[in-house]
Every structure is written in structure tokens, then in C-alpha cells.
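Summary of the model geometry
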Amino acid sequence: MSTAASPGVPTDPTDPTAVLSPARASGRGEAPWWRGAVVYQVYIRSFADAFPAAGDGIGDLAGITERLPHLVDLGVDALWITPFYTSPQHDHGYDVADYTDVDPLFGDLAAFDAMLGRAHELDLRVIVDLVPNHTSSEHPWFQAALASPPGSPERARYLFRDGKGPDGAEPPNNWESIFGGPAWTRVPDPSSGSGRGGQWYLHLFDTSQPDLDWRNPEVGDMFEDVLRFWLDRGVDGFRVDVAHGLFKEASLRDQRRPRKTKEASSMVERTLTDEPMWDQPEVHEVYRRWRRILDSYPGERMAVAEAWTQTAESMARFIRPDELHQAFNFGWLGTEWSAPAFAEVVVGSLAAVAEADSAPTWVLSNHDVVRHPTRYGGGPVGLARGRAATLAMLALPGSAYLYQGEELGLEQVDVPPEARQDPSWFRTGKPGRDGCRVPIPWSGQAPTYGFGAGTTQPWIPQPTDWSDVTVTAETGDEGSTLSFYRRALAARRTVLAGADEATRARADGDVLVIERAGITVVLNAGAEAVPLPGGEVLISSDRVSETLPPDTAAWVRPATGR
Ligand code: NOJ
């Protein structure tokens, strides 16, 4: 681990720049493939529907296989596929009933093998999703738990507890589900024969997603078998769902109200939330065991944690040298359009991962959040900002995760209430996440835009004005977002190939300035055009002249740096 005086850690915390250890290389080469990879997230239900041939409006494994050339043309290194396992689909696959089989909606194990084989032939790595925090309520373990009495070994794989109050009619604690409402549901007592109220089980998400008890060794053993099953089939890595959630504080105590309290440290004052359900220290031992399994396979297998931690420092604990390889860094994704805010995220992230002797990841969109052009204001301004943020992100060391459809400049869709399917919509009445999950438009003038056979709307209806944002329409149009993404990824491969990771970042007024590998990246988050640094403009997110217009970014090789 680095010390305060070693390279890689800012020596003056008030200096708004950061330097990451220059010892590492990025991209393919001496560093492992994942360290500087660009990974494309495939949300399987919405990527491409090729199975069955008549089309059922839901994307599948055969659809991915057919569309892999798009990823090659785009220039990514790997794809991450959201869950395709046997599942009742209450949370669209994040409710798994069988971790080692494919849901018939998406194909079968042979279709998976065909997809993986084709991806490898095309030099694309494949990351699959692992959902260890909870199973589906239809998983045989949970069904057995429901049929078994309190205190039984079947119940001990989950978090069943007696309720509070005279009849046990109140939940065991005050935790809330991420999808709204209480995090506990009461089940009938199997011995009463009358459906009388029995124990409660914990579900931090939907009622159909009971949380496992990771203090029970049976649970860890089961997941080690699952890891080996997919590693034996040849996957290159895992994206670990809710990686910070597996362990809860053992007492299952109430969450303190008010939940947020200010924590003053020597450098900053920050507001932290009391979270007895997240980010418990015991979880790290699980990842140490998984790391040993991953390392026992040839070919640089990896895992990336989805850990919504409260600070960059706690995120970095998941990627210590003997734990997972990467953790999603959601800092930028949660940041408003502002150069100082972007600089703070970049500097904080670089410093935190340097402490763990690891490399960062960057992400602007995924299947759980509002698409970034919409977050940045929508319309032409939102799209320009989205492209600018992407270009700045792609210059940074570490790996970048792209979400399907962002390469087309897709915006969040306002899905009509009758078509919404997100469990959080049903539990809260708030729009939820369907708007970023609308199936991809590939070609043509009307739904389904080549997503599947025929013209029947897919599982979430597509807008009728998407004919200009299909892959076909944007291909060959130099000004399109797709052409821009292809150029940006090509620039990353050529300009940054083999570059070390030493990086400085700061805000100069409303301009984010990043310096890496002899290039200067500038992003204008202000309202006025600003002078461009002198030198050769290698790529820009929109047209530039001697000045950098608002909402635009560019990579410049300074004249002196040649
Ligand atoms: C995070 C996944 O990204 C999200 O889609 C899912 O609903 C939750 N984890 C629960 O598995």
C-alpha cells in the first residue's frame, strides 16, 4: 500500500490535482486486459431479439451473438451481460432461481456457449453478472425455507426473524427496501395450518428477492460452486451485484433516525448515512476467497464490484490487491454538470484507488440510472454535454464502462405508466428505471427498428421518432454520436496505448483540465467559449476552432509536447 510520501498520492490535499502511480501501463500490453479496457454493458432483454425466430419482443443470447460485430466496429474490449439465468423476472433477471442455467426466455446453455465462443473469436472478453445478495423467492432454497419451521436449517440460509409487538405483527426492524416500503415481509406459519402470521424475512429489494444470510457457510459454498461453473465454461469475469450488501450488522439493529450525520475528519466534513445493512467489514473475506478462485484459472479472470459505497475510500477497500479487481466508481455518475465537481470526482477517485494500489473505473450510465444526456439537461445541450463528458472520461486511466445505446446518443424515454415494469414503480409509484431500458434501435423507420422480428412493440415500447438514431442511420454520418464514439475509442487505442497512468486533473474556472500521456483534455462546462490550449486537436466532442465552445471537450497535444 502507498504511503503519503510515495508517488501516486497527492502530498498536499489542498492541491486540486492528483497523480496516480506512473508505474502502470493502460490498455492491452503488459497490464492485464481489464485494467484499461472499455467494457460495453449489454442489458440482455433490450439488446437484440433473435430467439425465437418469430420474435417475442425480449432480447436474448442469440441476439447478442448476431450483433457482436457492432461491438467490434465500436471498438470495445469486452461486454458485460446482465443476468440471463433461470428467473421469474420480477426484477428482470436480478431475481435468480437457478444460478447455473439459462432462462428459456434467453435461450439455453448451448446458446450461451455459442455466444461466448463467437465473442472470443472476435477478441471480445465476456463478463457475466453474479447476484449473491439475494435469490429469487422461487429458488428451491427459499421454497424449502417457506415449508420449514422457524429455527430450521432451511430458514437459516435467509434472514428470517420474529416480528416485534405482542403478536409479532410489526417488522423486526425499521429498514426500508431500496424499491420502497418495508424491507420485511411476513410469511404464514407453516405449522399453524391456518395461515396464521409467522416470521418475517428480509428483502432489501423486492419481496421476490429474499436476502441470503452470508453468515451461514452453506451460502458461501454455493456461490463458490457457481463461480467455478461459469469459469469452467470460459467466462472472463463477473460483475458482482450489490457487492457491498452481503453482510448486515449481525444485530440487525434499527437504522438510526435521522439517518444522515456529519462526520468531521481532519481534512473534510462530510455527511454520512447510518447504514447497518451495507458495507460491513466481513464482506471483504468473501472477496479474498473469490480472488483466490479467480487467480487459480488461466487467462486473467476478473471481477468488478457493484458497490454503492458512501465514499471513494470505502469503494477502494473492495479492490485491495487480494480482493476484487475493480469496483464501479459511481462518483461522476452522481455529479452535476460542473467543472469543479468533475475535477473533485476525478482527483478523489484517483487518490482513493492509488491507496489500494489499483486502477479506477469510470461510468456515466447504466440500466439503473437516468441516461446521462438527459441528466445533463436533455435535447441538443444534454447530448453535447454527454459527448463531452464521455470524451473526458475516455482519457482517464483505468477502464470505462459504456451502457448500450449511449453510443447512439439515446435519451431517457418517458415510458407511459401502463407500460412500466420496474418493481420500484409498483412499490413506489415513481417512474423507475424503464426509461433507460428501452430496446435498442438497429435499423428501419418504425418500431421495432430491427430489434426483433416484425413490428409488434417489444417488452417496453420504443418511441416512434427513433428512425434517426438507429445504428444504420448513424453509421456513415460523420456528425452522428455513433461516429463520434467510434472515433473516440479509436483515439483512446492509438493515443493512449501503452501510456502510463500518471494523471493530473483540476478545474480552471468552468473548464475541467486533465493532463495525461502528454495530452491535455479540456472540457468547457461554462456558458462562454474559452481559448483552446495551443497544439494539435486530436479529437473533439463537437466542432471546435481556436476556441472551445460551451458543452464541448477536446484532446489537445500541446505544441511543446511533440
Ligand atoms: C443492482 C442491479 O443493477 C439492479 O438492476 C437490481 O435491481 C439490484 N441490484 C438488485 O439486484
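Residues numbered from 1 in each chain as written. Predicted model: local features only at pLDDT ≥ 70, side-chain atom pairs only at ≥ 80, totals over all residues. Heavy atoms only, no water.

Let's talk about the site of the ligand
Around the ligand sit 13 residues in total, of which Asp-91, Arg-239, Asp-241, His-367 and Asp-368 are the nearest. In the model, an oxygen atom of the ligand is placed 3.0 Å from a nitrogen or oxygen of the Arg-433 side chain. Within the complex, the protein chains bury 97% of what would otherwise be the 300 Å² of accessible surface of the ligand. For the shell around the ligand, the class distribution of residues is four nonpolar, two polar and seven charged. (Near = heavy atom within 4 Å. Polar contact = N/O pair within 3.5 Å; in protein donor to acceptor, adjacent residues only side chain to side chain. Areas by Shrake-Rupley, 256 points an atom, 1.4 Å probe, with all protein chains shown as cover. Nonpolar A, V, L, I, M, F, W, Y, C, P; charged D, E, K, R; others polar.)

Overview of the pairing of strand S9 (residues 237–240)
Looking down a regular strand, the side chains alternate between one sheet face and the other. Burial along S9 is two-sided: Gly-237 and Arg-239 facing one way and Phe-238 and Val-240 facing the other are all buried. Where strand S5 (residues 125–130) meets S9, four bridges bridge the pair, whose relative direction is parallel. From the neighbouring strand, Val-128 faces S9, where its bridge partner is Phe-238. (Buried < 20%, exposed > 50% of the residue type's maximum accessible area, 1.4 Å probe, protein only. Helix = DSSP H or I, 4+ residues; strand = E, 2+ residues; numbered from the N terminus. Pairing = 2+ DSSP bridges.)

Re the environment of Leu-246
In this structure, Leu-246 sits in the loop between S9 and strand S10 (260–264). The exposure class of Leu-246 is buried, given its relative accessible area of 1%. Distance from Leu-246 to Asp-279, taken between C-alpha atoms, is 8.2 Å for residues 33 residues apart in sequence.

Examining the sheet that holds strand S7 (residues 184–188)
Judged by pairing direction, the sheet is antiparallel, and its three strands sit side by side in the order S6-S8-S7 without closing on themselves. Only two strands of the sheet have a single partner each, and these edge strands are strand S6 (160–161) and S7. Relative to strand S8 (residues 197–202), S6 is paired through two bridges, and the arrangement is antiparallel. What sits directly across from Arg-161, in S8, is Trp-200.

A short note on the side chain of Ser-46
Within the element layout of this structure, Ser-46 appears in the loop between strand S1 (38–42) and helix H1 (61–74). A distance of 3.2 Å separates a polar atom in the side chain of Ser-46 from a polar atom in the side chain of Trp-459. With sequence-adjacent residues up to four places away left out, Ser-46 is seen in contact with Gly-59, Gln-404, Arg-437, Val-438, Pro-439, Ile-440, Phe-451 and Trp-459. (Contact = heavy atoms within 4.5 Å.)

Focus: the sheet that holds strand S18 (residues 519–524)
Ordered in space as S16-S17-S18-S22-S20, the five strands form an open sheet in which the pairing is antiparallel. The open sheet has two free edges, formed respectively by strand S16 (503–508) and strand S20 (536–540), since each of these has just one partner strand. Within this sheet the neighbouring strands show an average axis-to-axis angle of 20 degrees, counted without direction. Relative to strand S22 (residues 552–557), S18 runs antiparallel, the two sharing five bridges. The residue of S22 that forms the bridge with Leu-523 is Ala-553. Against the sheet, helix H9 (residues 379–394) makes contact with strand S17 (511–516), S18, S20 and S22, and its axis sits at roughly 30 degrees relative to S22, the strand it touches most. (Axes fitted to C-alpha atoms, helices over the stretch in contact; angles between N-to-C directions.)

Regarding the nonpolar core
Phe-84 and Trp-332 are the most contacted members of the largest nonpolar core, which has 145 residues in total. Per-element accounting of this core gives the leading share, nine residues, to helix H7 (residues 339–355). Excluding anything up to four places from it in sequence, Trp-332 contacts Phe-342, Val-345, Val-346, Trp-362, Leu-364, Tyr-376, Ala-389, Ala-392, Met-393, Leu-396 and Leu-512. In terms of nonpolar packing, the next biggest core, distinct from the first, is built from 13 residues, Trp-175, Trp-184, Met-277 and Trp-278 among them. (Core = buried A, V, L, I, M, F, W, Y, C linked by side-chain atoms within 4.5 Å.)

Digging into the side chain of Arg-45
Locating Arg-45 in the fold gives a position in the loop between S1 and H1. Of the buried charged residues, Arg-45 lacks a salt bridge, with Asp-103 as the closest side chain of opposite charge at 7.6 Å. Among residues more than four places away in sequence, those in contact with Arg-45 are Ile-58, Gly-59, Gln-89, His-92, Leu-105, Phe-106, Phe-451 and Trp-459. (Lys, Arg positive; Asp, Glu negative; His and termini not counted. Salt bridge = Lys/Arg side-chain N within 4 Å of Asp/Glu carboxyl O.)

Re the environment of Ser-443
Within the secondary structure, Ser-443 is located in the loop between helix H10 (423–428) and helix H11 (471–474). Along the chain, Ser-443 and Val-469 lie 26 residues apart, while their C-alpha atoms are 8.6 Å from each other.

Looking at the packing of H1 against helix H2 (residues 109–121)
A pair of packed helices can be characterised by two numbers: the angle between their axes and the separation between those axes. It is at 9 Å that the axes of H1 and H2 come closest, and there the two elements cross at 15 degrees. Relative to H2, the element H1 lies roughly parallel. When you trace H1 past H2, the crossing you get is left-handed. Across the interface between the two elements, Leu-61, Ile-64, Thr-65 and Leu-68 from H1 touch Ala-111, Phe-112, Ala-114, Met-115, Arg-118 and Ala-119 from H2. Residues that form the contact of H1 with H2 fall into these classes: eight nonpolar, one polar and one charged. (Parallel < 35°, antiparallel > 145°, perpendicular 65-115°, else oblique. Left-handed = near helix turned anticlockwise from the far one by under 90°.)

Focus: the confidence of the model for the protein chain
Detailed reading of predicted coordinates is not advised where the pLDDT is low. Averaged over every residue, the pLDDT of the protein chain is 92; the share at 70 or more is 92%. For the stretch residues 1–14, pLDDT sits under 50, and the model shows 18 contacts to residues farther than four places along the chain or on other chains. Counted against residues more than four places away or in other chains, residues 21–29, with its pLDDT under 50, gives 26 contacts. (pLDDT = per-residue confidence, 0-100.)

Topic: the pattern of salt bridges
Pairs can form between side chains of opposite charge once their charged atoms are near each other. Counted by the stated rule, this structure contains 28 salt bridges. In this structure, Asp-113 engages Arg-233 in a salt bridge whose closest nitrogen and oxygen atoms are separated by 2.9 Å. With Asp-113 in helix H2 and Arg-233 in helix H4 (residues 217–233), this pair connects stretches of sequence that are 120 residues apart. Residues Asp-368 and Arg-433 are paired through a salt bridge, measuring 3.0 Å at the closest nitrogen-oxygen approach. With Asp-368 in the loop between strand S14 (361–363) and helix H8 (372–375) and Arg-433 in the loop between H10 and H11, this pair connects stretches of sequence that are 65 residues apart. On the accessibility criterion, Arg-433 (14% relative accessible area) is buried.

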